[in-house]
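Tertiary structure, described
Chain by chain, the residues run as shown.
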Amino acid sequence: MPTKKLTVAFYGIWPEIKDYVRAKMSGFHTTIHTEPISLENMNKDADVIAIFVESALDKKMIHALPKLKMIAAMSTGYDHVDAKAAQAKKIPVCNVPFYGENTVAEHAFALILGLTRKLFLSTKRVKEGVYDYHGLRGTDLKGKTLGVIGTGHIGAHLIKMANGFEMNVLGYDPYPNKELAKTLGFKYATLDKLLAKSDIVSLHVPLFKNTYHLINKKNIKKMKPGAYLINTARGALVDPEALVSALQSKQLAGAGLDVLEDENFIQHEEALMASGCKECQIKTNLMNNIIIDHPDTIVTPHNAFNSTEALKRIVDATVENIRSFAKGEIINDVTAAKPKKK
Ligand code: NAI
């Protein structure tokens, strides 16, 4: 069986799930690392590298793995992998397309409710010994418009939840899914119209070159005054400087963010300096700190995927990708050409 010969190295595996991963990987030679992958700790014998989002796998690293045959991204987004470099070496990059649609949408909704009902200010006040609601007035969701940018798996779940709150929904997607719009009773609009009409805008789009700073200095001004921006997709979809200006001018009432551009540097500012960073990265880091400290924001540490059920689904789907590959059947390869959606 070819599966016996494959060496699979996992990186960034949470300690509490190590045993689960090991049990699922019977029949392979498996190494499991809790820390993210680096040039220093890479298993040079690995046929397969399985990595979570904190593990950036760049061109240099891909070239430094002589036996590498497959990359398993333990996530939906795969912008932490240099997929082009992998593709050039005919190495498939297999992701987990479906694990977290309800999980991430639930987190996005938690951010929406946290902002609109001033939950964190409220609990902070009570814990500080002040039992007084003055100054904590929120806004209803019923009758408000939610703008969903990216109506894929997660976006569709968010729309279902918004329907439960009796909200109106506008969607924007370069590949509109008319059937979905009919079933869930929402309308597609242009990006500009969605920004102008929505009380809450939520991003559910992959980070590609053409979606980098999708929300930027120009179009953030087109957002409805007093709107909220929610981002549980990828930090670099939003220009942080544009967001800081919109928060400071009170054009936006607030932002709920699970992701920030260059978020890996937030906890490790020294790594930013050591990486030979550019001026713009220092600026991004400064903007991130202003966003985190701003009273009208809720920032969570890329935690939207992180439910007990979703973690198991991520591992199960990753193992299925690896087992299929070992049998000669490549599934969920993001480097393969995809048919266009309707
Ligand atoms: P999906 O692939 O099902 O949906 C993405 C949708 O975005 C597609 O319908 C696509 O046509 C659309 N799209 C592409 N370019 C666009 C553009 N320029 N403007 C508007 N729409 C565009 O992906 P899914 O499962 O809904 O996930 C969305 C993103 O959420 C992922 O790419 C990932 O980056 C992020 N994510 C974040 C997690 C977290 O823990 N914070 C966990 C899981 C996913």
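Here the structure is a predicted model, which means the values were calculated and not measured. (Residues numbered from 1 in each chain as written. Predicted model: local features only at pLDDT ≥ 70, side-chain atom pairs only at ≥ 80, totals over all residues. Heavy atoms only, no water.)

Here's the deal with the overall build of the protein
- Of regular secondary structure, the protein possesses 14 helices and 12 strands.
- Scaling as 2.2 N^0.38, a compact globule of 342 residues should have a C-alpha radius of gyration of about 20 Å, and the protein matches this with 21 Å.
- Dimensions of the protein, computed from C-alpha atoms along their principal axes, come out at roughly 65 × 50 × 40 Å.
- For the protein, buried positions account for 51% of its 342 residues.
- For the protein, restricting intrachain contacts to residue pairs at least 6 apart in sequence, the fraction spanning at least 24 positions comes to 62%.
- For the protein, the computed accessible surface area is about 17500 Å², with 55% contributed by carbon and sulfur atoms.
- Between the mean site of the 45 positive side-chain charges and the mean site of the 36 negative ones, the protein shows a separation of 6 Å. (Helix = DSSP H or I, 4+ residues; strand = E, 2+ residues; numbered from the N terminus. Rg over C-alpha atoms; globule rule 2.2 N^0.38 Å. Buried < 20%, exposed > 50% of the residue type's maximum accessible area, 1.4 Å probe, protein only. Contact = heavy atoms within 4.5 Å. Areas by Shrake-Rupley, 256 points an atom, 1.4 Å probe, with all protein chains shown as cover. Lys, Arg positive; Asp, Glu negative; His and termini not counted. Charge placed at Lys NZ, Arg CZ, Asp CG, Glu CD.)

A word on the site of the ligand
- Taken together, 26 residues sit near the ligand, with His153, Ile154, Asp173, Thr232 and Asp258 positioned nearest.
- Within the side chain of His153, a nitrogen or oxygen atom sits 2.6 Å from an oxygen atom of the ligand.
- A distance of 2.9 Å is found between a nitrogen atom of the ligand and a backbone nitrogen or oxygen belonging to Thr232.
- The protein chains hide 91% of the 870 Å² of surface that the ligand would expose on its own.
- Per-class residue counts for the shell around the ligand are 12 nonpolar, 10 polar and 4 charged. (Near = heavy atom within 4 Å. Polar contact = N/O pair within 3.5 Å; in protein donor to acceptor, adjacent residues only side chain to side chain. Nonpolar A, V, L, I, M, F, W, Y, C, P; charged D, E, K, R; others polar.)

Description of helix 14 (residues 308-326)
- Taking 1.5 Å as the rise per residue, helix 14 with 19 residues should run 27 Å; its terminal C-alpha atoms sit 27 Å apart, in good agreement.
- Listing the buried residues of helix 14 in full gives Ala310, Leu311, Ile314, Val315, Thr318, Val319, Asn321, Ile322, Ser324, Phe325 and Ala326.
- Following helix 14 by one or two positions, Gly328 has its phi on the positive side, about 90 degrees. (Expected span 1.5 Å × (residues − 1).)

Some remarks on the sheet that holds strand 8 (residues 187-188)
- In spatial order, the strands read 8-7-6-9-10-11-12; together these 7 strands make up an open sheet with parallel pairing. The open sheet has two edge strands with one neighbour each: strand 8 and strand 12 (297-299).
- Bridge analysis of strand 10 (residues 227-231) against strand 11 (residues 252-257) gives 5 bridges, and the strand direction is parallel. Across the sheet, the residue bridging to Asn231 is Leu257, located in strand 11.
- On top of the sheet, helix 7 (residues 153-164) reaches strand 6 (145-149), strand 7 (168-172) and strand 9 (200-203); it is set at about 170 degrees to strand 6, its chief contact. (Pairing = 2+ DSSP bridges. Axes fitted to C-alpha atoms, helices over the stretch in contact; angles between N-to-C directions.)

Description of the layout of surface pockets
- Taken as a whole, the second largest pocket holds about 240 Å³ of empty space.
- Together, 14 residues line the second largest pocket, and Leu121, Pro295, Asp296, Thr297 and Ile298 are the ones closest to its centre.
- The leading source of residues in the lining of the second largest pocket is helix 6 (residues 119-127), at 4 residues. (1 Å grid on protein atoms, 1.4 Å probe; cavity = no way out; pocket = protein on both sides within 12 Å on 5 of 7 lines; lining within 4 Å. Points joined across faces, edges and corners; volume = space filled by probe spheres on them.)

Concerning the domain arrangement of the protein
- On domain assignment, one finds that the protein holds domain 1 (7-99 + 308-326) and domain 2 (101-299).
- Relative placement of domain 1 and domain 2: their C-alpha centres are 29 Å apart.
- Each partner contributes residues to the interface: domain 1 has 10 residues there, and domain 2 has 8 residues.
- Of the roughly 730 Å² buried where domain 1 meets domain 2, counting both sides, 43% is carbon and sulfur surface.
- At the boundary of domain 1 with domain 2, the tally comes to 1 salt bridge.
- We note a salt bridge from Asp79 to Arg234, for which the minimum N-O separation is 2.9 Å. (Domains from an automatic or database assignment. Buried area = accessible area lost by both parts, 1.4 Å probe. Salt bridge = Lys/Arg side-chain N within 4 Å of Asp/Glu carboxyl O.)

Section: the pairing of strand 10
- Of all 5 residues that make up strand 10, 5 are buried, and the element is covered over most of its length.
- Both faces of strand 10 are covered, namely the face carrying Ala227, Leu229 and Asn231 and the face carrying Tyr228 and Ile230.
- After leaving strand 10, the chain enters helix 11 (residues 240-248) and then returns to the sheet as strand 11, a path that is right-handed. (Right-handed = clockwise from strand over helix to strand, strands pointing away.)

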